[in-house]
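# Coordinate inspection notes
Spelled out, the chains give:
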Amino acid sequence: MKTVSILGCGWLGIALGKKLSERFYVKGSTTQIENFNTLEKSGITPFCLNVLPHEIKGNSASFFKETDVLFICLPPGKQEIADYPKKIKTIIKTSKAFNIPKLIFTSSTRVFLDTDLIPTYTENDVPNATGNRAKHIIAAENLILNEKGFVVRFGGLLGTDRHPVHFLSGKTQITKPNAPVNLIQQQDCVRLLTQLLSYTGKQQVFHGVANNHPTRKDFYTQAALQKKLNLPQFMKTETTTHGKIINASLTEKTLDLSFINLTP
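Okay, so let's go over this structure. Predicted, not measured: the structure shown is a model, and the values here were computed from it. (Residues numbered from 1 in each chain as written. Predicted model: local features only at pLDDT ≥ 70, side-chain atom pairs only at ≥ 80, totals over all residues. Heavy atoms only, no water.)

Packing of helix 4 (residues 84–97) against helix 5 (residues 132–146) brings their axes to within 8 Å, and their N-to-C directions diverge by 15 degrees. Regarding the angle of helix 4 to helix 5, the classification is roughly parallel. The two elements helix 4 and helix 5 meet at a crossing, and its hand is right-handed. Between helix 4, through Tyr-84, Pro-85, Ile-88, Lys-89 and Ile-92, and helix 5, the contact on the second element is made entirely by His-136, Ile-137, Ala-139, Ala-140, Leu-143 and Ile-144. The class makeup of the residues in the contact of helix 4 with helix 5 is nine nonpolar, one polar and one charged. (Axes fitted to C-alpha atoms, helices over the stretch in contact; angles between N-to-C directions. Helix = DSSP H or I, 4+ residues; strand = E, 2+ residues; numbered from the N terminus. Parallel < 35°, antiparallel > 145°, perpendicular 65-115°, else oblique. Left-handed = near helix turned anticlockwise from the far one by under 90°. Contact = heavy atoms within 4.5 Å. Nonpolar A, V, L, I, M, F, W, Y, C, P; charged D, E, K, R; others polar.)

Set out below in structure tokens:
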């Protein structure tokens, strides 16, 4: 293998490309030419591409050609969720035209339903979320799986420069204080995706979530204290717990990984 292409170089895609550039020629896409310098500094050859429901605008031929592995790191836009499966279908069609042998699609644990029973979902459980956004993500996953590609469902993303507590700090009446969190460190995301480069087994679905699942209230309160932020204020009157636990044991075993436990 010589060339890896990352369609969607956002926060995760750039980190992945930077790591892979140590071993491979890496191409990466962005929708803004202004981001070229950032990609180049990370060892990524930049391309300006815009994936639409029925076409990919930009120099897609140069981006897709001679690619050994294609990472699809394009989360659905908030305003265009209905077009998301169509965009993935267009990407698949283009990858076939260039005979790309391996597709790896980054998805979300959003495909599983939160309930009062706090169910635990494994890699082999069938997605059951019913929300509009989740249904379109599930449809996109199925398109990838039908092409023998790989799907990686990540929980919430954490990193040295990214933490959800910054969004919750100082807010009041925050719901689901006792729901378990499903989060993962950026470096574990990169390790998981890197391991998939050489994976040739039959398992197609993988989960990227840390093994420990503290409650939202405990985790984010401690994180705010540690970062010296205003404390998030959770609802005190909620009598039921609504949430889920994402299990990633099969992923760790299959890819010989051990995810970092969460600390605030």
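Don't stop here, the text continues.
On to the sheet that holds strand 6 (residues 102–108). Here eight strands make up an open sheet; going across it, the order is 4-3-2-1-5-6-8-11 and the pairing mixed. Sheet topology places strand 4 (56–58) and strand 11 (205–208) at the edges, where each strand pairs with a single neighbour. Mean inter-strand twist for the sheet, computed between neighbouring axes without regard to direction, equals 25 degrees. (Pairing = 2+ DSSP bridges.)

Turning to the side chain of His-207, a few remarks are in order. Following the sequence through the fold, His-207 ends up in strand 11. A distance of 3.2 Å separates a polar atom in the side chain of His-207 from a polar atom in the side chain of Arg-153. From its side chain, His-207 meets the backbone oxygen of Asn-247 in a polar contact 2.9 Å long. Non-local contacts of His-207, meaning those with residues more than four positions away in its chain, are made with Phe-112, Tyr-121, Thr-122, Glu-123, Arg-153, Leu-192, Ile-246, Asn-247, Ala-248, Thr-251 and Phe-259. (Polar contact = N/O pair within 3.5 Å; in protein donor to acceptor, adjacent residues only side chain to side chain.)

By the bridge criterion, five bridges tie strand 2 (residues 25–30) to strand 3 (residues 44–51) in an arrangement that is parallel. Pairing of Ser-29 across the sheet is with Phe-47, part of strand 3. As judged from the three bridges shared by strand 3 and strand 4, these two strands associate in the antiparallel manner. Residue pairing across strands places Leu-49 opposite Gly-58, the latter belonging to strand 4. Between the antiparallel neighbours strand 3 and strand 4 lie four residues.

Along the chain, Glu-123 turns up in the loop between strand 7 (120–121) and helix 5. Here Glu-123 is buried and forms no salt bridge, its nearest opposite-charge partner Arg-153 lying at an N-O distance of 7.6 Å. Polar side-chain contacts of Glu-123 include one of 2.7 Å to the side chain of Thr-251. What Glu-123 contacts, discounting residues up to four positions off in sequence, is Arg-153, Gln-203, Val-205, Phe-206, His-207, Asn-247, Ala-248, Ser-249, Leu-250 and Thr-251. (Buried < 20%, exposed > 50% of the residue type's maximum accessible area, 1.4 Å probe, protein only. Lys, Arg positive; Asp, Glu negative; His and termini not counted. Salt bridge = Lys/Arg side-chain N within 4 Å of Asp/Glu carboxyl O.)

Glancing now at the pairing of strand 6. Put simply, side chains in a regular strand alternate between the two faces of the sheet. In terms of residue burial, strand 6 counts as a mostly covered element, since seven of its seven residues are buried. The alternating pattern of strand 6 places Lys-102, Ile-104, Thr-106 and Ser-108 on one face and Leu-103, Phe-105 and Ser-107 on the opposite face, and all of these are buried. In terms of strand pairing, strand 5 (residues 69–72) meets strand 6 through four bridges, oriented parallel. Each bridged residue has a counterpart across the sheet, and for Leu-70 the counterpart in strand 6 is Leu-103. For the crossover from strand 5 across helix 4 to strand 6, the handedness is right-handed. (Right-handed = clockwise from strand over helix to strand, strands pointing away.)

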